[in-house]
Amino acid sequence: MVDKLTLQKCADCATFNYPPREVCKHCLSVELTEKNVSGMGVLKSWTELHHSFEPEFANELPWSIGLVTLDVGPTIITHLLLACDPEHGMPVEVSIETDIAGRNTFHAHGRKETQK
Amino acid sequence: MNYNGVAITCPTTVTYQRSSEKGAQYFFGQALRGLLKRSGLIKSDIDGLCLSSFTLAPDTGISVADHLGLELSWLEELRLGGASGVISMKRAARAIQNGDADIVACIGAETNNPGSFSDLVSNFSRFSNDAAHPYGAAGPNAVFAMTTRAYMEEYGTTAEDFGRLCLTQRLNSHHNPNALMKDKPLSMQQYLNARTVADPLRLFDCVMPCAGAEAFLVMSTERAHSLELPYSTIASAKELHNPVSDEAVPMSGGWSRFGSQLYQEASYGPSDMNFLQSYDDYPVIVFHQFEDLGFCEKGKASEFVRNTDLSVDSDTLAHNSSGGQLSCGQAGFAGGFLTVTEALRQQQGCTLGKQIKHTDRGVVSGFGMVNYDRGLCSAAAILEKGTH
């Protein structure tokens, strides 16, 4: 299942906050609401995990995750599902999908125009 | 404000063990015994305590005072990860200057057993629980793997460059009976062929969690003189938490923000330093410290490691002369005290391993607390050998 990406947005100063919090990190407002945002972003770094403390991943190793800076601001840790080798600065698109553990989490895919 | 009149003394280590069935209180107790033995003081002389431990829960600082039978006029518990050691020294020094305590024991103590480390990393912080664990990234390896990758991409650093650092520290550790890896030689081939933990991190880029303790005493220089204890003094000390940064991946630590001020306040420069005891949870963080603390330019740490003798026999800059955490093991928060105790041992002539050649002054640094995607606490101090 694929959902649109949502992030907490501050109603007072328009800052996008991630990870989710109770108070805006910029203006300390508590008026934070989930807003649909574009999943477009850029891959800043990545790793292939060969060990994990999370039992769900034990049978799935190695497992690729990355750091993606979304166009709307925040940098997120995300599952990485690319059709090609990762490259620094590669444009990616992030969506929310159900993962192997049954959780709705970020999944980054290559953008169509960049897939080889 | 300077740190004049304060002595840091009696470096004490409780032997590291890969694992232990004892609780953290056991290691606090052993550390305090060691401090009393080395100083010739009795327990009632200790009226200040600054402590750090991951594995103390459900106990807290006051529980340690109760457990060890200490009556205290000053008590502080630091949960600042690998920055706790340097910062405990700094805080204790202020307590001495302010007259809040006469003798402060600074102790980082930790137990380790199967499960204690995974329990710890599985519930470390709210942001980690919400935004790192669901990606399989509990514990620091994944985050530091991505920090390492970004550094390599930016500056063209190779695995061999990090390997050189690890190999030199391993050689240093062969002299240190407390280093868990002291009898395990490491070749570049072994380093490169070791199993991948979180690419690009291999096994020997990661520290081995263990049990143990590191401790020292902080008192006035007058008291140290009257007790005839060798001591070190603080020429300057700085800490910075949660530096505001727009870097998606950190290319430096908080040291980059206070490094020049650290030297300015001590009236020294990096080239005046005889040693650096850096916080080596991962090689890339040591590279950050080489750069941020002025030993080389930003992005030039690989070159620096290639061209500089960083061994215990160095004439220029002895680095992590104990072997560091990469070869000694990481006794939790005590890992952040190791840099301090090793510097004190070298300056006070009571080394566990090899005595380095020059000890007039050097830098100790600390780093800790990955709340989400990076370490947030940085600290450093310049220590000078005390004069009698």
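The shown structure was predicted, so the numbers you read here are calculated from the model rather than taken from an experiment.

Asks: Would you mind showing me how to read the interface of chain B and chain A here?
Replies: Often, the extent of an interface is quoted as the loss of accessible area on bringing the components together. With 27 residues of chain B at the contact, the number on the chain A side is 32 residues. With both chains or domains summed, chain B and chain A bury close to 2,600 Å², and 64% of this area falls on carbon and sulfur atoms. Sorting the residues of chain B by area buried against chain A places Tyr 135, Met 146 and Tyr 372 of chain B first, and these three jointly supply 27% of that buried surface. At the surface where chain B touches chain A, the tally comes to one salt bridge. Here Glu 22 of chain A and Arg 126 of chain B are joined by a salt bridge, their closest N and O atoms 2.5 Å apart. Between the two partners, chain B and chain A, sit ten residue pairs in polar contact (both at pLDDT 80 or more). Put simply, the parts of the chain that give the side of chain B that touches chain A at least two residues each are α4 (116–122), α5 (126–131), α6 (140–155) and β5 (196–199) of chain B. For the side of chain B that touches chain A, the element with the highest residue contribution is α6 of chain B, accounting for six residues. Broken down by class, the residue content of the side of chain B that touches chain A amounts to 18 nonpolar, five polar and four charged. In the sheet, strand β5 (residues 40–49) of chain A pairs with β5 of chain B via two bridges, with the strands oriented antiparallel.

Asks: For this particular structure, what's the right way to read the confidence of the model for chain A?
Replies: The predicted structure's coordinates, where accompanied by low pLDDT, should not be read in detail. Per-chain confidence: chain A averages 92 in pLDDT, with 95% of residues scoring 70 or above. Mean pLDDT in chain A bottoms out at strand β1 (residues 2–3) of chain A, which sits at 70, and peaks at β5 of chain A, which reaches 97.

Asks: What exactly am I supposed to notice about the packing of aromatic side chains here?
Replies: Residues and elements named next belong to chain B. Scanning the entire structure with this criterion turns up 17 aromatic pairs over all chains. Centroid distance Phe 144 to Phe 367: 6.5 Å. Interplanar angle 70°. Geometry classified as edge-to-face. With Phe 144 in helix α6 and Phe 367 in strand β11 (residues 361–370), this residue pair connects regions lying 223 residues apart in the sequence. Residue Phe 144 is classed as buried on the basis of its relative accessible area, which comes to 3%. Assessed through its relative accessible area of 6%, Phe 367 is described here as buried. With 6.5 Å between their ring centres and 50° between their planes, Tyr 151 and Phe 162 make a pair best called tilted. Placement of the pair is Tyr 151 in helix α6 and Phe 162 in helix α7 (residues 159–173), with a sequence separation of eleven residues. There is no split in this pair, since Tyr 151 and Phe 162 are both buried.

Quick notes on the rules
- Residues numbered from 1 in each chain as written.
- Chains lettered and ligands numbered in written order.
- Predicted model: local features only at pLDDT ≥ 70, side-chain atom pairs only at ≥ 80, totals over all residues.
- Heavy atoms only, no water.
- Contact = heavy atoms within 4.5 Å.
- Buried area = accessible area lost by both parts, 1.4 Å probe.
- Salt bridge = Lys/Arg side-chain N within 4 Å of Asp/Glu carboxyl O.
- Polar contact = N/O pair within 3.5 Å; in protein donor to acceptor, adjacent residues only side chain to side chain.
- Helix = DSSP H or I, 4+ residues; strand = E, 2+ residues; numbered from the N terminus.
- Nonpolar A, V, L, I, M, F, W, Y, C, P; charged D, E, K, R; others polar.
- Pairing = 2+ DSSP bridges.
- pLDDT = per-residue confidence, 0-100.
- Phe/Tyr/Trp six-rings, centres within 6.5 Å; stacked < 30°, edge-to-face > 60°.
- Buried < 20%, exposed > 50% of the residue type's maximum accessible area, 1.4 Å probe, protein only.

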